[in-house]
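# Geometric and topological summary
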Amino acid sequence: MYAQKILPLIKRPTRYGDCCATLIDNIFTNLTNESYVSGIILDDLSDHLPIFFSFQSEQPSCKEFYSKTIRIVNEETLSDLSNKLNDVDWSIIENKDPNEAYDIFHKTFNDIYNEALPLKVIKYRISSNKLKPWITSGILNSITQSNKLKPWITSGILNSIRKKHKLYKKYLTTKTQNSKESYIKHRNKLTKILRAAEKKYYSDKFIFVKDNIRDTWKLINKVLNDTTGAGSRPAITKIKHNGGIIDDQKIIVEKFNDFFVNIGPNLAKSIPPVPNGTIKDTLPPPNTNSIFVNPCTSNEILTIVANLKNSKGVGLDGFSTAVVKQIITKISDPLAAIFNKSIASGIFPHKLKLAKVIPVYKSEDKMLVSNYRPISVLPVFQKYLKN
(Lines give C-alpha, C1' and ligand atoms only; values in the text may rest on other atoms or scores of the structure.)
Protein backbone atom coordinates (compact mmCIF):
# COMPACT_ATOMS: atom_id res chain seq x y z
CA MET A 1 0.00 0.00 0.00
CA TYR A 2 2.88 2.35 0.72
CA ALA A 3 4.25 1.58 -2.73
CA GLN A 4 0.97 2.78 -4.22
CA LYS A 5 1.13 5.92 -2.03
CA ILE A 6 -1.90 4.80 -0.01
CA LEU A 7 -1.37 6.00 3.53
CA PRO A 8 -3.20 5.29 6.81
CA LEU A 9 -4.79 8.29 8.52
CA ILE A 10 -5.49 6.80 11.96
CA LYS A 11 -2.34 6.26 13.98
CA ARG A 12 -3.61 5.77 17.52
CA PRO A 13 -5.52 2.84 19.07
CA THR A 14 -9.27 2.63 18.37
CA ARG A 15 -10.10 -0.20 20.77
CA TYR A 16 -9.09 -0.29 24.42
CA GLY A 17 -9.17 -3.27 26.74
CA ASP A 18 -8.21 -3.57 30.39
CA CYS A 19 -4.63 -4.52 29.61
CA CYS A 20 -4.06 -3.60 25.98
CA ALA A 21 -5.01 -1.25 23.16
CA THR A 22 -5.20 -2.03 19.44
CA LEU A 23 -5.51 -0.12 16.19
CA ILE A 24 -7.90 -2.21 14.10
CA ASP A 25 -10.02 0.55 12.54
CA ASN A 26 -8.48 2.80 9.91
CA ILE A 27 -9.00 5.00 6.90
CA PHE A 28 -6.63 4.90 3.93
CA THR A 29 -6.17 7.57 1.27
CA ASN A 30 -3.95 8.50 -1.64
CA LEU A 31 -4.64 12.22 -1.24
CA THR A 32 -1.39 14.09 -0.82
CA ASN A 33 -2.06 17.62 -2.02
CA GLU A 34 -5.47 18.06 -0.43
CA SER A 35 -6.02 19.58 2.97
CA TYR A 36 -7.89 17.12 5.16
CA VAL A 37 -8.65 16.39 8.78
CA SER A 38 -8.88 12.95 10.36
CA GLY A 39 -9.05 11.66 13.87
CA ILE A 40 -10.70 9.60 16.59
CA ILE A 41 -13.83 10.55 18.52
CA LEU A 42 -13.90 9.66 22.19
CA ASP A 43 -17.38 8.18 22.52
CA ASP A 44 -18.74 4.94 23.98
CA LEU A 45 -21.13 4.10 21.14
CA SER A 46 -19.41 0.70 21.01
CA ASP A 47 -16.17 -0.88 22.14
CA HIS A 48 -14.56 0.62 19.01
CA LEU A 49 -13.95 4.36 18.99
CA PRO A 50 -15.52 6.16 15.99
CA ILE A 51 -13.09 7.52 13.40
CA PHE A 52 -13.62 10.29 10.84
CA PHE A 53 -12.12 11.82 7.72
CA SER A 54 -13.00 15.17 6.19
CA PHE A 55 -11.56 16.97 3.18
CA GLN A 56 -12.38 19.97 1.02
CA SER A 57 -13.43 18.95 -2.47
CA GLU A 58 -13.09 21.03 -5.61
CA GLN A 59 -16.75 20.59 -6.53
CA PRO A 60 -18.03 23.93 -7.86
CA SER A 61 -20.75 25.70 -5.96
CA CYS A 62 -24.14 25.02 -7.51
CA LYS A 63 -27.54 26.00 -6.25
CA GLU A 64 -30.42 23.55 -6.54
CA PHE A 65 -33.92 24.93 -6.16
CA TYR A 66 -36.81 23.24 -4.38
CA SER A 67 -40.34 24.51 -4.52
CA LYS A 68 -43.72 23.92 -2.97
CA THR A 69 -47.14 25.39 -3.65
CA ILE A 70 -49.13 26.94 -0.83
CA ARG A 71 -52.43 28.77 -0.64
CA ILE A 72 -52.30 32.24 0.86
CA VAL A 73 -54.67 32.19 3.84
CA ASN A 74 -54.66 35.10 6.26
CA GLU A 75 -57.10 37.62 7.70
CA GLU A 76 -56.96 39.78 4.59
CA THR A 77 -57.61 36.98 2.07
CA LEU A 78 -60.32 35.42 4.26
CA SER A 79 -62.05 38.79 4.50
CA ASP A 80 -61.86 39.17 0.72
CA LEU A 81 -63.36 35.68 0.28
CA SER A 82 -66.20 36.48 2.68
CA ASN A 83 -67.02 39.77 0.93
CA LYS A 84 -67.03 38.19 -2.53
CA LEU A 85 -69.34 35.37 -1.38
CA ASN A 86 -71.63 37.91 0.23
CA ASP A 87 -72.23 39.51 -3.18
CA VAL A 88 -73.31 36.26 -4.91
CA ASP A 89 -76.97 35.86 -5.86
CA TRP A 90 -77.61 32.21 -5.04
CA SER A 91 -81.10 32.27 -6.57
CA ILE A 92 -79.38 30.94 -9.69
CA ILE A 93 -79.65 27.42 -8.29
CA GLU A 94 -83.43 27.54 -7.92
CA ASN A 95 -85.49 25.28 -10.18
CA LYS A 96 -82.41 23.15 -10.87
CA ASP A 97 -81.98 19.43 -10.21
CA PRO A 98 -79.41 18.47 -7.51
CA ASN A 99 -76.62 17.77 -9.99
CA GLU A 100 -77.01 21.02 -11.91
CA ALA A 101 -77.55 23.05 -8.73
CA TYR A 102 -74.38 21.72 -7.12
CA ASP A 103 -72.38 22.16 -10.34
CA ILE A 104 -73.36 25.84 -10.41
CA PHE A 105 -72.58 26.24 -6.71
CA HIS A 106 -69.24 24.44 -7.05
CA LYS A 107 -68.09 26.50 -10.05
CA THR A 108 -69.11 29.79 -8.43
CA PHE A 109 -67.52 28.96 -5.10
CA ASN A 110 -64.37 27.53 -6.72
CA ASP A 111 -63.79 30.63 -8.87
CA ILE A 112 -64.16 32.97 -5.90
CA TYR A 113 -62.08 30.67 -3.66
CA ASN A 114 -59.13 30.66 -6.08
CA GLU A 115 -59.41 34.38 -6.73
CA ALA A 116 -59.52 35.40 -3.06
CA LEU A 117 -57.06 32.73 -1.82
CA PRO A 118 -54.50 32.50 -4.63
CA LEU A 119 -51.88 29.80 -4.86
CA LYS A 120 -48.25 30.80 -4.51
CA VAL A 121 -45.11 28.86 -5.40
CA ILE A 122 -42.37 29.23 -2.79
CA LYS A 123 -38.83 28.45 -3.90
CA TYR A 124 -35.88 27.76 -1.65
CA ARG A 125 -32.43 26.54 -2.44
CA ILE A 126 -29.73 24.48 -0.84
CA SER A 127 -26.13 24.75 -1.90
CA SER A 128 -25.10 21.45 -3.45
CA ASN A 129 -21.47 21.93 -2.42
CA LYS A 130 -22.65 21.47 1.15
CA LEU A 131 -24.72 18.37 0.50
CA LYS A 132 -23.89 15.07 -1.13
CA PRO A 133 -25.89 14.36 -4.32
CA TRP A 134 -27.78 11.53 -2.64
CA ILE A 135 -29.01 13.78 0.18
CA THR A 136 -32.62 14.42 -0.80
CA SER A 137 -34.90 16.95 0.89
CA GLY A 138 -36.53 14.06 2.80
CA ILE A 139 -33.17 12.81 4.07
CA LEU A 140 -32.21 16.38 4.96
CA ASN A 141 -35.35 16.73 7.06
CA SER A 142 -34.58 13.44 8.80
CA ILE A 143 -31.02 14.59 9.56
CA THR A 144 -32.36 17.87 10.95
CA GLN A 145 -34.84 16.03 13.14
CA SER A 146 -32.25 13.52 14.36
CA ASN A 147 -29.94 16.35 15.43
CA LYS A 148 -32.58 17.61 17.81
CA LEU A 149 -32.67 16.38 21.38
CA LYS A 150 -35.32 13.81 22.19
CA PRO A 151 -38.26 15.44 23.97
CA TRP A 152 -37.69 13.41 27.14
CA ILE A 153 -34.07 14.59 27.47
CA THR A 154 -34.22 17.12 30.29
CA SER A 155 -31.39 19.46 31.28
CA GLY A 156 -30.61 17.13 34.19
CA ILE A 157 -30.34 14.09 31.92
CA LEU A 158 -28.22 16.10 29.49
CA ASN A 159 -25.79 16.93 32.29
CA SER A 160 -25.65 13.23 33.20
CA ILE A 161 -24.82 12.37 29.57
CA ARG A 162 -21.98 14.92 29.61
CA LYS A 163 -20.72 13.44 32.88
CA LYS A 164 -20.76 9.97 31.35
CA HIS A 165 -18.58 11.19 28.45
CA LYS A 166 -16.12 12.74 30.93
CA LEU A 167 -15.93 9.52 32.96
CA TYR A 168 -15.36 7.50 29.78
CA LYS A 169 -12.57 9.81 28.68
CA LYS A 170 -11.00 9.58 32.16
CA TYR A 171 -11.17 5.78 31.99
CA LEU A 172 -9.42 5.72 28.60
CA THR A 173 -6.65 8.03 29.78
CA THR A 174 -6.01 6.57 33.27
CA LYS A 175 -6.93 2.89 32.72
CA THR A 176 -7.45 2.41 36.47
CA GLN A 177 -9.94 0.01 37.99
CA ASN A 178 -11.53 2.82 39.98
CA SER A 179 -12.16 4.97 36.88
CA LYS A 180 -13.62 1.96 35.05
CA GLU A 181 -16.03 1.14 37.88
CA SER A 182 -17.10 4.79 38.19
CA TYR A 183 -17.83 4.97 34.46
CA ILE A 184 -19.76 1.67 34.33
CA LYS A 185 -21.82 2.52 37.41
CA HIS A 186 -22.81 5.93 36.01
CA ARG A 187 -23.48 4.52 32.53
CA ASN A 188 -25.83 1.82 33.83
CA LYS A 189 -27.70 4.27 36.03
CA LEU A 190 -28.07 6.72 33.13
CA THR A 191 -29.40 3.95 30.87
CA LYS A 192 -32.15 3.17 33.40
CA ILE A 193 -33.04 6.86 33.70
CA LEU A 194 -33.22 7.28 29.92
CA ARG A 195 -35.48 4.27 29.49
CA ALA A 196 -37.77 5.40 32.31
CA ALA A 197 -37.96 8.96 30.92
CA GLU A 198 -38.81 7.72 27.42
CA LYS A 199 -41.45 5.32 28.78
CA LYS A 200 -43.10 8.07 30.85
CA TYR A 201 -43.05 10.48 27.89
CA TYR A 202 -44.89 8.10 25.56
CA SER A 203 -47.22 6.91 28.33
CA ASP A 204 -48.34 10.51 28.89
CA LYS A 205 -48.70 11.01 25.13
CA PHE A 206 -50.93 7.94 24.73
CA ILE A 207 -53.13 9.10 27.61
CA PHE A 208 -53.45 12.52 25.97
CA VAL A 209 -54.58 11.10 22.58
CA LYS A 210 -56.62 8.14 23.89
CA ASP A 211 -59.88 9.62 22.51
CA ASN A 212 -58.44 10.32 19.04
CA ILE A 213 -57.80 7.18 16.97
CA ARG A 214 -56.00 9.12 14.20
CA ASP A 215 -53.50 10.71 16.59
CA THR A 216 -53.12 7.40 18.42
CA TRP A 217 -52.00 5.65 15.23
CA LYS A 218 -49.66 8.53 14.39
CA LEU A 219 -48.07 8.08 17.79
CA ILE A 220 -47.83 4.30 17.34
CA ASN A 221 -46.08 4.78 13.98
CA LYS A 222 -43.72 7.27 15.58
CA VAL A 223 -42.83 4.84 18.36
CA LEU A 224 -42.27 2.04 15.84
CA ASN A 225 -40.29 4.41 13.62
CA ASP A 226 -42.72 3.62 10.79
CA THR A 227 -42.05 5.97 7.88
CA THR A 228 -45.04 4.76 5.85
CA GLY A 229 -47.46 7.07 7.66
CA ALA A 230 -49.36 9.80 5.84
CA GLY A 231 -47.02 12.48 6.95
CA SER A 232 -43.98 10.86 5.22
CA ARG A 233 -45.51 8.55 2.59
CA PRO A 234 -42.96 7.86 -0.18
CA ALA A 235 -43.91 8.15 -3.84
CA ILE A 236 -44.74 4.92 -5.67
CA THR A 237 -42.45 4.97 -8.70
CA LYS A 238 -42.63 1.34 -9.82
CA ILE A 239 -45.05 -1.58 -9.60
CA LYS A 240 -45.06 -5.19 -10.74
CA HIS A 241 -47.72 -6.31 -13.19
CA ASN A 242 -47.99 -9.55 -15.18
CA GLY A 243 -44.34 -10.41 -14.57
CA GLY A 244 -43.06 -6.98 -15.69
CA ILE A 245 -42.15 -3.66 -14.14
CA ILE A 246 -44.23 -0.53 -14.79
CA ASP A 247 -42.69 2.89 -14.11
CA ASP A 248 -45.10 5.12 -16.07
CA GLN A 249 -46.99 7.20 -13.49
CA LYS A 250 -50.21 7.33 -15.51
CA ILE A 251 -50.31 3.54 -15.95
CA ILE A 252 -49.46 3.04 -12.24
CA VAL A 253 -52.46 5.20 -11.27
CA GLU A 254 -54.72 3.25 -13.63
CA LYS A 255 -53.57 -0.11 -12.21
CA PHE A 256 -54.24 1.04 -8.65
CA ASN A 257 -57.64 2.36 -9.68
CA ASP A 258 -58.56 -0.90 -11.43
CA PHE A 259 -57.55 -2.89 -8.37
CA PHE A 260 -59.41 -0.72 -5.87
CA VAL A 261 -62.68 -0.43 -7.83
CA ASN A 262 -62.82 -4.17 -8.38
CA ILE A 263 -62.23 -5.23 -4.77
CA GLY A 264 -65.99 -5.23 -4.06
CA PRO A 265 -67.12 -7.04 -7.25
CA ASN A 266 -64.38 -9.65 -6.85
CA LEU A 267 -65.45 -10.33 -3.26
CA ALA A 268 -69.08 -10.55 -4.36
CA LYS A 269 -68.17 -13.19 -6.93
CA SER A 270 -66.64 -15.34 -4.21
CA ILE A 271 -69.89 -15.38 -2.19
CA PRO A 272 -72.07 -18.42 -2.99
CA PRO A 273 -75.43 -17.54 -4.61
CA VAL A 274 -78.64 -17.73 -2.59
CA PRO A 275 -80.43 -21.02 -3.42
CA ASN A 276 -83.97 -20.92 -4.87
CA GLY A 277 -84.22 -17.22 -5.61
CA THR A 278 -82.54 -14.01 -4.47
CA ILE A 279 -81.97 -12.27 -1.18
CA LYS A 280 -84.88 -9.93 -1.96
CA ASP A 281 -87.26 -12.88 -1.74
CA THR A 282 -86.49 -13.19 1.98
CA LEU A 283 -87.33 -9.54 2.76
CA PRO A 284 -90.78 -8.23 3.82
CA PRO A 285 -92.65 -5.80 1.52
CA PRO A 286 -91.30 -2.23 1.77
CA ASN A 287 -93.30 0.30 3.78
CA THR A 288 -93.37 3.60 1.90
CA ASN A 289 -94.74 5.51 4.89
CA SER A 290 -92.15 4.43 7.44
CA ILE A 291 -89.90 7.50 7.45
CA PHE A 292 -90.07 11.25 7.22
CA VAL A 293 -87.04 13.52 6.87
CA ASN A 294 -87.40 17.12 7.95
CA PRO A 295 -86.00 19.67 5.51
CA CYS A 296 -82.43 20.76 6.16
CA THR A 297 -81.95 24.29 7.47
CA SER A 298 -78.98 26.65 7.28
CA ASN A 299 -78.74 26.63 11.09
CA GLU A 300 -78.46 22.83 11.05
CA ILE A 301 -75.55 23.11 8.61
CA LEU A 302 -73.84 25.69 10.82
CA THR A 303 -74.11 23.33 13.79
CA ILE A 304 -72.75 20.37 11.81
CA VAL A 305 -69.80 22.36 10.47
CA ALA A 306 -68.95 23.75 13.91
CA ASN A 307 -68.77 20.24 15.36
CA LEU A 308 -66.55 18.77 12.64
CA LYS A 309 -62.80 18.66 13.15
CA ASN A 310 -60.40 20.66 10.99
CA SER A 311 -59.07 17.90 8.76
CA LYS A 312 -55.74 18.60 7.07
CA GLY A 313 -56.64 16.44 4.08
CA VAL A 314 -57.89 18.26 0.99
CA GLY A 315 -60.07 16.39 -1.49
CA LEU A 316 -60.33 16.77 -5.26
CA ASP A 317 -62.27 20.01 -4.81
CA GLY A 318 -59.21 21.60 -3.19
CA PHE A 319 -61.26 23.22 -0.41
CA SER A 320 -59.87 23.35 3.11
CA THR A 321 -62.19 22.47 5.99
CA ALA A 322 -60.57 25.14 8.15
CA VAL A 323 -61.20 27.81 5.52
CA VAL A 324 -64.78 26.75 4.84
CA LYS A 325 -65.50 26.96 8.58
CA GLN A 326 -64.51 30.63 8.49
CA ILE A 327 -67.06 31.54 5.79
CA ILE A 328 -69.78 28.90 6.23
CA THR A 329 -72.39 31.52 7.17
CA LYS A 330 -72.07 32.95 3.63
CA ILE A 331 -72.90 29.65 1.91
CA SER A 332 -75.14 27.79 4.38
CA ASP A 333 -78.36 28.89 2.58
CA PRO A 334 -77.42 27.56 -0.90
CA LEU A 335 -76.03 24.38 0.66
CA ALA A 336 -79.29 23.79 2.55
CA ALA A 337 -81.24 24.26 -0.69
CA ILE A 338 -79.02 21.77 -2.56
CA PHE A 339 -79.15 19.20 0.25
CA ASN A 340 -82.97 19.41 0.39
CA LYS A 341 -83.16 18.88 -3.38
CA SER A 342 -80.90 15.84 -3.03
CA ILE A 343 -82.92 14.29 -0.18
CA ALA A 344 -86.29 14.96 -1.86
CA SER A 345 -85.25 13.54 -5.24
CA GLY A 346 -82.92 10.79 -4.06
CA ILE A 347 -80.20 12.15 -6.33
CA PHE A 348 -76.72 12.51 -4.85
CA PRO A 349 -74.70 15.21 -6.70
CA HIS A 350 -72.15 13.54 -8.95
CA LYS A 351 -69.26 15.83 -7.97
CA LEU A 352 -69.74 14.86 -4.33
CA LYS A 353 -69.19 11.20 -5.23
CA LEU A 354 -65.62 11.89 -6.38
CA ALA A 355 -62.84 11.29 -3.89
CA LYS A 356 -59.07 11.51 -3.90
CA VAL A 357 -57.85 7.96 -3.23
CA ILE A 358 -54.45 7.46 -1.63
CA PRO A 359 -52.87 3.98 -1.65
CA VAL A 360 -51.45 3.13 1.79
CA TYR A 361 -48.88 0.36 2.06
CA LYS A 362 -49.84 -2.59 4.30
CA SER A 363 -47.05 -5.18 4.24
CA GLU A 364 -44.79 -7.45 2.14
CA ASP A 365 -43.81 -6.50 -1.44
CA LYS A 366 -44.22 -2.73 -1.97
CA MET A 367 -44.35 -3.17 -5.74
CA LEU A 368 -47.61 -5.16 -5.70
CA VAL A 369 -50.82 -3.12 -5.78
CA SER A 370 -52.56 -5.86 -3.78
CA ASN A 371 -50.40 -4.94 -0.80
CA TYR A 372 -51.99 -1.49 -0.53
CA ARG A 373 -55.30 -0.35 0.95
CA PRO A 374 -57.22 2.70 -0.30
CA ILE A 375 -57.79 5.80 1.82
CA SER A 376 -60.39 8.19 0.40
CA VAL A 377 -60.21 11.93 1.04
CA LEU A 378 -63.79 13.12 0.53
CA PRO A 379 -64.95 16.53 -0.73
CA VAL A 380 -65.55 18.87 2.19
CA PHE A 381 -69.22 19.50 1.31
CA GLN A 382 -69.96 15.77 1.06
CA LYS A 383 -69.18 15.46 4.77
CA TYR A 384 -71.83 18.07 5.54
CA LEU A 385 -74.49 16.29 3.45
CA LYS A 386 -73.67 12.91 5.02
CA ASN A 387 -74.12 14.32 8.51
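First, a word on scope: everything that follows refers to the structure included in this document. Only a predicted model underlies this, so the values are computations on that prediction, with no experimental measurement involved. (Residues numbered from 1 in each chain as written. Predicted model: local features only at pLDDT ≥ 70, side-chain atom pairs only at ≥ 80, totals over all residues. Heavy atoms only, no water.)

This part covers the overall build of the protein chain. Secondary structure summary: the protein chain contains 11 helices and 12 strands in total. The buried share of the protein chain, taken over its 387 residues, is 26%. Taking all contacts inside the protein chain whose residues are at least 6 apart in sequence as the whole, residues at least 24 apart take part in 64%. Here the protein chain displays about 27,300 Å² of accessible surface, and carbon together with sulfur accounts for 54% of that area. (Helix = DSSP H or I, 4+ residues; strand = E, 2+ residues; numbered from the N terminus. Buried < 20%, exposed > 50% of the residue type's maximum accessible area, 1.4 Å probe, protein only. Contact = heavy atoms within 4.5 Å. Areas by Shrake-Rupley, 256 points an atom, 1.4 Å probe, with all protein chains shown as cover.)

The next subject is the nonpolar core. By size, the foremost hydrophobic cluster in this structure holds 32 residues, and its most contacted members are Phe109, Ile331 and Phe381. Where this core is concerned, the elements lending two or more residues are helix H1 (75-86), helix H2 (98-116), helix H9 (298-307), helix H10 (321-345) and helix H11 (380-386). Among the elements that make up this core, the one with the highest residue count is H10 (nine residues). Not counting residues within four places of it along the chain, the set of residues in contact with Ile331 comprises Leu85, Trp90, Phe105, Phe109, Val324 and Phe381. In terms of nonpolar packing, the next biggest core, distinct from the first, is built from nine residues, Trp152, Ile153, Tyr201 and Tyr202 among them. (Core = buried A, V, L, I, M, F, W, Y, C linked by side-chain atoms within 4.5 Å.)

The next point concerns the packing of aromatic side chains. With the rule as written, the count across this model stands at 19 aromatic pairs. Pairing Trp90 with Phe105 gives two aromatic rings, centres 5.2 Å apart and planes at 40°, and the pair type is tilted. Of this pair, Trp90 sits in the loop between H1 and H2 while Phe105 sits in helix H2, placing them 15 residues apart in sequence. There is no split in this pair, since Trp90 and Phe105 are both buried. With 5.8 Å between their ring centres and 40° between their planes, Phe256 and Phe260 make a pair best called tilted. Of this pair, Phe256 and Phe260 both sit in helix H7 (residues 249-261), four residues apart, which is roughly one turn of that helix. Phe260 carries the same exposure label as Phe256, and that label is buried. By way of ring pairs, the aromatic residues Trp90, Tyr102, Phe105, Phe109, Tyr113, Phe319, Phe381 and Tyr384 are connected into one cluster. If you follow Lys366 out to its NZ or CZ, it ends over the ring of Tyr361, 5.1 Å from the centre. (Phe/Tyr/Trp six-rings, centres within 6.5 Å; stacked < 30°, edge-to-face > 60°. Lys NZ or Arg CZ within 6 Å of the ring centre and 35° of its normal.)

The subject of this paragraph is helix H6 (residues 213-223). For H6, the set of buried residues is Thr216, Leu219 and Asn221. Elements that come into contact with the buried residues of H6 comprise helix H5 (177-208). For H6, the capping residue at the N-terminal end is Asn212, with a side-chain oxygen 3.1 Å from the backbone nitrogen of Arg214. (Polar contact = N/O pair within 3.5 Å; in protein donor to acceptor, adjacent residues only side chain to side chain.)

Another point: the side chain of His106. Among the structural elements, His106 can be located in helix H2. Since its relative accessible area comes to 16%, His106 is described here as buried. In contact with His106, not counting residues within four places along its chain, are Asp317, Phe319 and Lys351.

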